[in-house]
Amino acid sequence: MIKLDKIKLVTHIDYIQIDNENAFEKIIRNNNIVQLNYHQQIPSLYIELDFLDNELIIEFSGKILGKDYHKLISKDTIKQCFENINSIGICTLNVECILNDSVVVKCDVTYDVVCEDIPQLTAFVSGNICSYRNYVCRQMRNGNFVVEKNVTTKQYKKRLTIYDKEKEMKKNENRRFVREYDVDESVFKSKCRFEMNLNSV
């Protein structure tokens, strides 16, 4: 089953009801509200209502699942993601309409595997790249290993990131999330995450 750690959807503006307009930043032009934006960091959520294009844009990470974050976004959890967004109290999303009438414009396809030696795994991947003209490998400062398609056009850009999920969940930026949502960190033990970033339809 395909699982995602992040997704960005574009759908019709009619599929949202604003419950707390004060929570949204207003973009005003010529005395008219042309856009409403809502942004929160923990868990990551962005909602944009574009009144000029009649579009609703929703972007969120798997952390919107809270305690169930380890399950990631999938066909089995996508409704729960939207229900959790609705429970924040700023808006009510029409879940069925959004699921049936949306375009995914960006996502991180994700797969976790148990791996005791992630550096050895990334060394193996690096040593088995067939074409360095088509793909570029890099070890990032934060410990992540990245394989990118060597292209300039966004449409063809693909990036695979391999990293230690257990270690990443222990970083300062994730501690508040783990604490607030009572996340069982043992589910990430010895987990190596493969994440493919796709940035176009």
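Draft legend 1. Focus on the nonpolar core. Membership of the largest hydrophobic core comes to 28 residues, with the highest contact counts inside it found for Ile47, Ile58, Phe60, Phe82, Ile85 and Leu93. For this core, the elements supplying multiple residues, two or more each, are strand E1 (4–12), strand E4 (32–40), strand E5 (45–50), strand E6 (55–61), helix H1 (78–87), strand E7 (91–93) and helix H2 (95–100). Sequence-distant contacts of Leu93, that is, excluding residues within four places in its chain, are made with Tyr15, Ile16, Leu56, Ile58, Phe82, Ile85, Asn86 and Ile98.

Draft legend 2. Summary view of a nonpolar patch on the surface. A contiguous nonpolar surface patch, about 250 Å² in accessible area, is contributed by Ile28, Ile33 and Phe51. Following the sequence through the fold, Ile33 ends up in strand E4.

Draft legend 3. Quick look at the pattern of salt bridges. Evaluated as defined, the whole model comprises 13 salt bridges. Linking Asp5 and Arg193 is a salt bridge whose minimum nitrogen-to-oxygen distance equals 3.5 Å. Taken together, the positions of Asp5 in strand E1 and Arg193 in strand E12 (residues 191–198) put the pair 188 residues apart, joining distant regions of the chain. Considered together, Asp5 and Arg193 belong to a single accessibility category, that of buried residues. Here Glu59 makes a salt bridge to Lys106, at a shortest N to O gap of 3.7 Å. Of this pair, Glu59 sits in strand E6 while Lys106 sits in strand E8 (residues 102–114); the two residues are 47 residues apart in sequence, bridging distant segments of the chain.

Quick notes on the rules
- In this numbering scheme, every chain counts its residues from 1 along its sequence in written order.
- Local features in this predicted model are restricted to residues of pLDDT 70 or higher, and side-chain atom pairs are both shown and tallied only at a pLDDT of 80 or more, whereas totals for entire chains, interfaces and linings draw on every residue.
- Each side-chain value is worked out from all heavy atoms of the structure, with water and hydrogens disregarded.
- Joining through side-chain atoms within 4.5 Å is the link that ties buried Ala, Val, Leu, Ile, Met, Phe, Trp, Tyr and Cys residues into a set, and such a set is a nonpolar core.
- Under the scheme applied here, a residue whose accessible area is under 20% of the maximum for its type counts as buried, over 50% as exposed, and between as partly exposed, the area being computed with a 1.4 Å probe on protein chains only.
- Starting at the N terminus, helices and strands are each numbered in turn, a helix being any DSSP run of H or I of at least four residues and a strand any DSSP run of E of at least two.
- The contact criterion used is simple: two residues touch if any of their non-hydrogen atoms lie within 4.5 Å.
- The patch calculation keeps residues exceeding 30% relative accessible area without a salt bridge and links them within 9 Å when they carry like charges or within 5 Å when they are nonpolar (Val, Leu, Ile, Met, Phe, Trp, Tyr).
- For every accessible area listed, the method is Shrake-Rupley and the probe measures 1.4 Å; residues are considered covered only by the protein chains on display.
- What makes a salt bridge here is a side-chain nitrogen of Lys or Arg within 4 Å of a carboxyl oxygen of Asp or Glu, nothing more.

Keep in mind these values describe shape, not function.
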